[in-house]
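Structural features, examined
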Amino acid sequence: MNTHLFKNIVILTGAGISAESGIRTFRDQDGLWENHRIEDVATPEAFHRDPELVQRFYNARRSQLKDPNVQPNAAHLALAELEHAWEGDFLLVTQNVDNLHRRAGSQNLLHMHGRLDQIRCLSCEEVIVWTEDLAVNESCPQCGIKAALRPDIVWFGEMPHHMDEIYFALEKADYFISIGTSGNVYPAAGFVQLAWKARKIEINVKDTEISRAFQEHLIGPASIEVPKLVRQILGE
C-alpha cells in the first residue's frame, strides 16, 4: 500500500469493536431491555415521561465501564498507535458511547452519539463528567437546579454531535476506514459516500448493507484485522 500518497485518515467505529471488550450492545436481539422497548428509555419523550426508568437504564450501562474485565482490546490500541504515528490529519469518529478509545490513548476522537461518562444540564446546558449513578433529583453542580440532569447521550430523534466537523473531515479524507459498524444506522451509514476521494476499507465480521460502497473488505474480528491493517498502513 503506497501510504505516501495518503495524508488524511477518517475512521468510523461501531458496536463491533467494543463488543470484543465485553460491552453489551445497546439493543438485545429481541429489541427489549428489561421488557421495555428501547424507544421507552432512549428518547426525549421517554425521559419526560419516566425519568427514573431512563436514569436507571443509563446507570446500568455506565456501571459496565467499571467492570475490571472491560478493557480496551487490540483494535482500540492499534488505532491509538496509528494516530500517534500518522503524520497527516487523523480523526476517529465513534458511534460508541463507552470510554474504551480514550482509555486506549486515542486523542483526536469524536463521540457522535455522546458519552456515557458525561451528563448534561437541561437548564444551563453545562456538560459534566460523571462516572457514578445519577439520581432523578440530583442538583446540577453548575447551576444548582434539581431534576434537570440527563445523560449526555444522543437519543432517537436527536441530532448526532459534531456533524459539521465530521463532514468537513470526510470531504478531504484520503482514507476512510469503517470498523464494526452495522451499515444501517444513519447518518453514519452514509459517511462512506461522503468520503468521495478516499480509499475505502471496511472491517467487519460479515458483509453489511453498505459493503458494496467499499473498495476493500477485511472479514474477521476487529481485534485481529485492525492491528494487521495498521501494520500495513505504517509499512511495518
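Higher on the page you've got the structure.
In this text the structure is predicted, and so the values were computed from the model without any measurement.

1. Quick word on the pattern of salt bridges
Opposite charge on two side chains allows them to pair when their charged atoms are near. Under the defined criterion, the tally for this structure stands at 12 salt bridges. Across the pair glutamate 132 and lysine 66 runs a salt bridge, and its minimum N-O distance is 3.0 Å. Here glutamate 132, found in the loop between strand S7 (127-129) and strand S8 (149-153), pairs with lysine 66, found in the loop between helix H3 (51-64) and helix H4 (74-85); they are 66 residues apart in sequence, far enough to count as distant. Taking the relative accessible area as the measure of exposure, glutamate 132 reaches 46% and is therefore partly exposed. For arginine 120, the salt bridge identified is with aspartate 152, shortest N-O distance 3.7 Å.

2. Describing H3
In this model, H3 (14 residues) spans 20 Å end to end at C-alpha, consistent with the 20 Å of a helix rising 1.5 Å per residue. Those residues of H3 not exposed but buried are Leu53, Val54, Gln55, Phe57, Tyr58, Asn59, Arg61, Arg62 and Gln64.

3. Describing helix H6 (residues 163-171)
What H6 keeps buried is the set Met163, Ile166, Ala169 and Leu170. Along the long axis of H6, the arc covered by the buried residues comes to 130°, so they all point the same way. Residues Asp164 and Phe168 are exposed on H6 and point more than 90 degrees away from its buried face. In this structure, the buried residues of H6 make contact with strand S1 (9-13), strand S4 (90-94), strand S5 (109-111), strand S9 (175-179) and helix H7 (191-194).

4. A closer look at the pairing of strand S6 (residues 114-121)
For S6, the buried fraction is high: 8 of the 8 residues fall into the buried class. Two elements, S6 and S7, share 3 bridges in a ladder whose sense is antiparallel. Counted as the bridge partner of glutamine 118 is valine 129 from S7.

Cut-offs used in this document
- Residues numbered from 1 in each chain as written.
- Predicted model: local features only at pLDDT ≥ 70, side-chain atom pairs only at ≥ 80, totals over all residues.
- Heavy atoms only, no water.
- Salt bridge = Lys/Arg side-chain N within 4 Å of Asp/Glu carboxyl O.
- Helix = DSSP H or I, 4+ residues; strand = E, 2+ residues; numbered from the N terminus.
- Buried < 20%, exposed > 50% of the residue type's maximum accessible area, 1.4 Å probe, protein only.
- Expected span 1.5 Å × (residues − 1).
- Arc of directions from axis to C-beta.
- Contact = heavy atoms within 4.5 Å.
- Pairing = 2+ DSSP bridges.

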